[in-house]
Structures are given as C-alpha cells and as structure tokens.
Amino acid sequence: MRRFVSRILIGLFLLGLVTYLIPEPSKSSAQNQKAKKEVPILSNIAPLPKDLKVIEDIEYRPGDRRAWKLDLVMPRERSETPRPAIIFVHGGGWSSGDKGRGIFRSGPVEYANLGYVCISVNYRLSDDDPFPACLQDVKCAVRWLRAHADKYNVDPNRIGGYGNSAGAHLVSLLGLVDEAHQLEGDGPWQEQSSLLNAVCVSAIPTDFVNWPGGIRNKQTLLQLLDSPEASLEEQAIKASPITYVNKQAPPFLVFQGTADRLVDVSQADSFVAALKAAGSTDVTYHRYQEAAHDVFTRHRRETYPEMEAFFERVLKNASAKVKPAGEIYRKVNAAAS
C-alpha cells in the first residue's frame, strides 16, 4: 500500500515538473502589437477611454526642442458645435517639470472625457532661458491652438487654463498679458490672440517685487529673472502677474494654502485683492488653512469638483470672449524700480 501511494506521489511530482518546464506558446507579432496598444497610456489613471484620441509631442513652433512640444487629448467624435478647450501648464520652479507628469498627464484625459479639447505644454526652462522665454512659449502654444481651431474642433473664444506653482504664474499671465505688452516673442501664429478666457490656478506666485524675504534670497527667482538687458527689479515687475491686473481680466479661480512654504499665502491674498480692486467681477478664492504647496492635489475631493464646475460655468455654458487688456494695475517702467 505504501509503495502504491509513493508511486502516485512520484507521478504527480513528475507531471508538475513537466508542466512547469514546457514553455508557453509564443505570441505572434500581431498579438504583441495588440498587447502594446492595450497598455494604459497613463500610469496613474485608468486605461484611456476608447472614445478619446491622444496625439503626443506636437510641435507648436518649429525647432528641434522638447520645450516646443505639446500633447493633445480630445474626444474622437466631432461635435456639431466647436468644443471648449483647456491648456495645462506644468510647474517645477520654472527650472524643471514636464507636460507628461502627474496631473498634467492625467488632467487632459479627465477633461477630454468631459468634452473638452486639452493640451499640455512644455516650455523653455530658466536654467537655459530666463524670463520671458517661458511666457513667450506658452503664449505661442495658445496661439497655435487658436490657429488650429477648425482642425481640432475648438471654439477659439472658449479657452481656459490650469497651472500649479510656476505653471500658475504662467497661466495667470496668459489671462492678463495681451500683445500690447510686447511679450509675445518671435514664435509663429502671431495673428492669433494668446489671451485665455478663464484661469484656474493653485499655489500661485504673483508679485516678485514684494516677495517675502526678498527675491535675492530665492535662487529659483534669481535664475528666472536673470537678464543682461534689464535690472533685477525691472524683471521682477515685468514677470509679476499682479503688474497686469485689469478690470477686463477673465474669470479667475484661485486655490492657496496658508502653510505653503514655497509660495507665501500673501502672494495669492494680494493678487485676489488687486483683481477685485481693479473691477474684476468673477474672482473666486479658496484659502485653505494649514494647507501646503500641494494644496490642489491634497484637497482634491474639494478642489477637483470646484475646478470642474468653474470651467463648466465659464467655458461650457457661456460664450466667453477674448477681451483686450484694460488699464494695468502697476505700470511697467524704469521709474517703478
């Protein structure tokens, strides 16, 4: 009996060994290609919905530079009326960051799924090109979008933007700085406006002249504002969104944490106060107590729905218009320094 049981056990062991050693059937080339396509395009969200289209690394101005490329995400089905659009501008202290990371990768997919045409853009970083290169680039990207509005079914009068930190700084300037300020740069599509119709920002640097502790003690700002053609003070005025606040500013939605150690809450406080003092009637400010620099993602259960409702109100359900900038809040001139 024992011998019989031993033989059965040995047989089962050999069967398992053979099964283990036999290789799995190799997939055909077509199967491998299909498997590659089925891998989610984004690592931090669910697989890309089949009714969306992604076009990566589109050149928004000629030149063999990653800084001049954008990713576009949009619904595959062309709607009867042109769609609103949103530009996502990454942060990173103006010296790092990329359009393909974090919310600047997942956000365009989420909003394209809601019916928007979205672009996420790169721009020249301050270690090689100080201000205004970064602003000139994102302005060029907005002009590119308007120039290709028919192709991508975009309503050129309903374009909003979102940015965090350095990205918030640039998106705010996109809402306030028109061609009269001569910051468009030498990129193409100059016949188009680079102004946004709605702006959502978080952890926003707005006033480099009144930076807590002084800009000379902030290396990222010194690198951003470095210029052989102007003094540091002149550059600080020129690069500050608060400089260009005017009564014709587009709707603004602002999120800021009071415990942000990188961008002091006073920056958002003074900016929102300046917008209201200038006569802007559509300014919403959410000031989170004890929240840090990651205020937008840390409080996403509140901030994400707020942003979605904001863009639905001012872009989807409204016929926004591109308006010329009115009187600026603080003149850009040498005397001001």
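Refer to the structure printed above.
Presented here is an overview of the structure given in this document.

Conventions adopted
Residues numbered from 1 in each chain as written. Predicted model: local features only at pLDDT ≥ 70, side-chain atom pairs only at ≥ 80, totals over all residues. Heavy atoms only, no water. Phe/Tyr/Trp six-rings, centres within 6.5 Å; stacked < 30°, edge-to-face > 60°. Buried < 20%, exposed > 50% of the residue type's maximum accessible area, 1.4 Å probe, protein only. Helix = DSSP H or I, 4+ residues; strand = E, 2+ residues; numbered from the N terminus. Polar contact = N/O pair within 3.5 Å; in protein donor to acceptor, adjacent residues only side chain to side chain. Contact = heavy atoms within 4.5 Å. Salt bridge = Lys/Arg side-chain N within 4 Å of Asp/Glu carboxyl O. Pairing = 2+ DSSP bridges. Axes fitted to C-alpha atoms, helices over the stretch in contact; angles between N-to-C directions. Core = buried A, V, L, I, M, F, W, Y, C linked by side-chain atoms within 4.5 Å. Parallel < 35°, antiparallel > 145°, perpendicular 65-115°, else oblique. Left-handed = near helix turned anticlockwise from the far one by under 90°. Nonpolar A, V, L, I, M, F, W, Y, C, P; charged D, E, K, R; others polar.

1. Concerning the packing of aromatic side chains
The geometry of an aromatic ring pair comes down to the distance between the two centres and the angle between the two planes. Counted according to the given criterion, the structure contains 13 aromatic pairs. Each ring, one from Trp144 and one from Tyr152, has its centre 5.6 Å from the other, and the planes form 35°; the classification is tilted. The two residues Trp144 and Tyr152 agree in class, both being buried. Pairwise contacts between aromatic rings join Phe88, Phe104, Tyr111, Tyr116, Tyr162, Phe255, Phe296, Tyr304, Phe310 and Phe311 into one cluster.

2. Quick notes on the side chain of Asp155
As for its placement among the helices and strands, Asp155 is situated in strand β5 (residues 154–164). Judged by its relative accessible area of 18%, Asp155 falls in the buried class. Side chain to side chain, Asp155 and Arg158 meet in a polar contact 2.9 Å long. Excluding anything up to four places from it in sequence, Asp155 contacts Pro82 and Arg83.

3. Focus: the pattern of salt bridges
In this structure the tally under the stated criterion is 16 salt bridges. We note a salt bridge from Glu56 to Arg105, for which the minimum N-O separation is 2.7 Å. Within this pair, whereas Glu56 is found in strand β1 (residues 52–59), its partner Arg105 is found in helix α3 (residues 103–112), the two being separated by 49 residues in sequence. The residue Arg287 makes a salt bridge to Asp269 at a minimum N-O spacing of 3.0 Å. Of this pair, Arg287 sits in strand β8 (residues 283–288) while Asp269 is found in helix α8 (residues 265–278), placing the two residues 18 residues apart along the sequence.

4. With respect to the sheet that holds strand β3 (residues 83–89)
The strand order across the open sheet built from eight strands is β1-β2-β4-β3-β5-β6-β7-β8, with neighbouring strands paired in mixed fashion. Whereas interior strands pair on both sides, the edge strands pair on one side only; in this sheet they are β1 and β8. On average, each strand axis in the sheet is inclined to that of its neighbour by 15°, with strand direction left out of account. As paired strands, β1 and strand β2 (residues 69–75) are joined by six bridges and run antiparallel to one another. Looking at β2, one finds that Ile55 is bridged to Leu72. Strands β3, β5, β6 (198–202), β7 (252–257) and β8 of the sheet are contacted by helix α10 (residues 300–316), whose axis makes an angle of about 165° with β6.

5. Thoughts on the nonpolar core
Formed by 63 residues in total, the largest nonpolar core has its most connected members in Leu72, Ile87, Trp144, Phe208 and Phe252. Broken down by element, this core gets its largest block of residues, eight residues, from helix α4 (residues 133–147). Apart from residues no more than four positions distant in its own chain, Trp144 is found in contact with Ile58, Glu59, Tyr60, Leu70, Leu72, Ile119, Tyr152 and Trp189. Residues Cys118, Leu253, Tyr288 and Met307 belong to the second largest nonpolar core, which totals 21 residues.

6. Some words on unusual backbone geometry
Between Phe131 and the following residue, Pro132, the backbone shows a cis peptide bond with an omega angle of 15°. Mapping Pro132 onto the fold places it in the loop between β4 (117–121) and α4. Unusually for a residue other than glycine, Trp94 sits at a positive phi of about 65°. For Trp94, the location among the structural elements is in the loop between β3 and α3. Overall, Trp94 belongs to the buried group, its relative accessible area being 5%. In the Ramachandran plot, Gln182 falls in the positive-phi region, its phi being about 55° despite a non-glycine side chain. In this fold, Gln182 is placed in the loop between α5 (166–176) and β6. Gln182 sits in the exposed class, given a relative accessible area of 70%.

7. Examining helix α7 (residues 232–239)
For α7, the complete set of buried residues consists of Leu232, Gln235, Ala236, Ile237 and Ala239. Residues of α7 that are buried in the fold lie against α5 and α6 (219–225).

8. Topic: the packing of α4 against α5
How two helices pack is summed up by the angle between their axes together with the distance between the axes. In the contact formed by α4 and α5, the axes pass within 10 Å of each other and the chain directions differ by 60°. As the angle between them shows, α4 and α5 are arranged oblique. Pair α4 / α5 crosses with right-handed handedness. Contacts between α4 and α5 involve Cys134, Leu135, Val138, Lys139 and Val142 on the former and, on the latter, Leu170, Leu173 and Leu174. For the contact of α4 with α5, the class distribution of residues is seven nonpolar, no polar and one charged.

Functional significance is not addressed by these values, which are geometric in nature.
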